[in-house]
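Results of the structural survey
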Amino acid sequence: MASVAGWAAASTPGTFPPLPRAVAQSLYRRMRAVAPAARGAIDRDRATDSERAFADTACGRLVGSLDDAGLRALGMWTHHWCMRFYDDDTRAGRRLVREIAARQGLGWTADEVRWMLRESLSAGPAAADRFTLPRAAAAQLPEADRPLDELPPAALQPEAHVPHQRRPEPLR
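Calculation criteria
Residues numbered from 1 in each chain as written. Predicted model: local features only at pLDDT ≥ 70, side-chain atom pairs only at ≥ 80, totals over all residues. Heavy atoms only, no water. Helix = DSSP H or I, 4+ residues; strand = E, 2+ residues; numbered from the N terminus. Contact = heavy atoms within 4.5 Å. Areas by Shrake-Rupley, 256 points an atom, 1.4 Å probe, with all protein chains shown as cover. Buried < 20%, exposed > 50% of the residue type's maximum accessible area, 1.4 Å probe, protein only. Axes fitted to C-alpha atoms, helices over the stretch in contact; angles between N-to-C directions. Parallel < 35°, antiparallel > 145°, perpendicular 65-115°, else oblique. Left-handed = near helix turned anticlockwise from the far one by under 90°. Nonpolar A, V, L, I, M, F, W, Y, C, P; charged D, E, K, R; others polar. pLDDT = per-residue confidence, 0-100. Salt bridge = Lys/Arg side-chain N within 4 Å of Asp/Glu carboxyl O.

The secondary structure content of the chain amounts to seven helices and zero strands. Ordered by position from N to C terminus, the α and β elements of the chain give α-α-α-α-α-α-α. The long-range share in the chain, meaning contacts at least 24 apart out of those at least 6 apart in sequence, stands at 72%. Counting only carbon and sulfur atoms, one obtains 54% of the accessible surface of the chain, whose full area is about 9,000 Å².

We now examine helix α5 (residues 91-101). Taken as a whole, α5 has its buried residues at Ala92, Gly93, Arg94, Leu96, Val97, Ile100 and Ala101. If you follow the buried residues of α5, they end up packed against α2 (21-46), α3 (58-64), α4 (68-84) and α7 (132-139).

This next bit is on the packing of helix α6 (residues 110-123) against α7. Taken N-terminus to C-terminus, the directions of α6 and α7 make an angle of 155°; their axes are 9 Å apart at the nearest point. On the basis of the axis angle, α6 is roughly antiparallel to α7. Classified by chirality, the crossing of α7 by α6 is left-handed. Residues Val113, Met116, Leu117 and Ser120 of α6 touch α7, and the partners they reach there are Leu133, Pro134, Ala137 and Ala138. Residues of the contact of α6 with α7, tallied by class, amount to seven nonpolar, one polar and no charged.

What follows deals with the confidence of the model for the chain. On average, residues of the chain carry a pLDDT of 79, and 71% of them reach 70 or more. Of all helices and strands in the chain, the one with the weakest mean pLDDT is helix α1 (residues 7-11) (48), whereas α3 scores best (96). Long-range and interchain partners of residues 1-7, a stretch whose pLDDT sits below 50, account for 26 contacts in this model, where long-range means more than four residues apart. Contacts for the low-pLDDT stretch residues 160-167, under 50 throughout, to residues beyond four places or in other chains number 14 contacts.

A side chain of one charge can pair with a side chain of the opposite charge when the charged atoms of the two come close. Scanning the entire structure with this criterion turns up five salt bridges. Across the pair arginine 39 and aspartate 43 runs a salt bridge, and its minimum N-O distance is 3.2 Å. Placement of both arginine 39 and aspartate 43 in helix α2 is noted, with a separation of four residues, approximately one turn of the helix. The salt bridge involving aspartate 45 is made with arginine 52; its shortest N-O contact spans 3.8 Å. Among the residues examined, aspartate 45 registers a relative accessible area of 10% and is labelled buried.

Below, the structure is given as structure tokens:
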């Protein structure tokens with residue numbers, strides 16, 4: 001299981017300069033606003049048929065209820081959740097990330113993209129789809145604001161799936 005340290009990942013030296021504390025706090029405040037609904041939707045989708053059309057899922061209904069700012073916060077929270085708790089149970093969350101990444105015109109900011117890229121780099125290669133949303137969001141920024149040239153070349157390539165162990169079934 002890959003893990004990211006939240007605020008520590010947002011504020012430690014590395015590829016990207018640390019975000020100002022006020023910016024990071026604003027990002028976390030917006031993500032906390034959507035977190036309960038997002039967690040509930042992901043949990044409901046994990047318990048049901050994963051082959052349904054996205055619009056017919058709990059996550060799809062949640063996406064349909066949000067404006068662009070809400071979708072950005074939902075995308076960032078889901079990306080963060082998938083990077084911190086990546087395992088076989090994140091299929092619904094990764095699907096949500098891919099669906100949000102496919103949407104145009106969400107108005108991503110360079111700070112949001114840098115934060116997601118830092119999370120992705122901290123998670124390591126075990127987390128499938130770790131660059132899906134940051135790459136898509138960066139592509140929507142004006143070219144001068146795109147932080148992709150700050151990434152290692154491997155981050156710009158499509159990701160290969162890294163196998164991992166399934167979580168053992170609980171003992172009964």
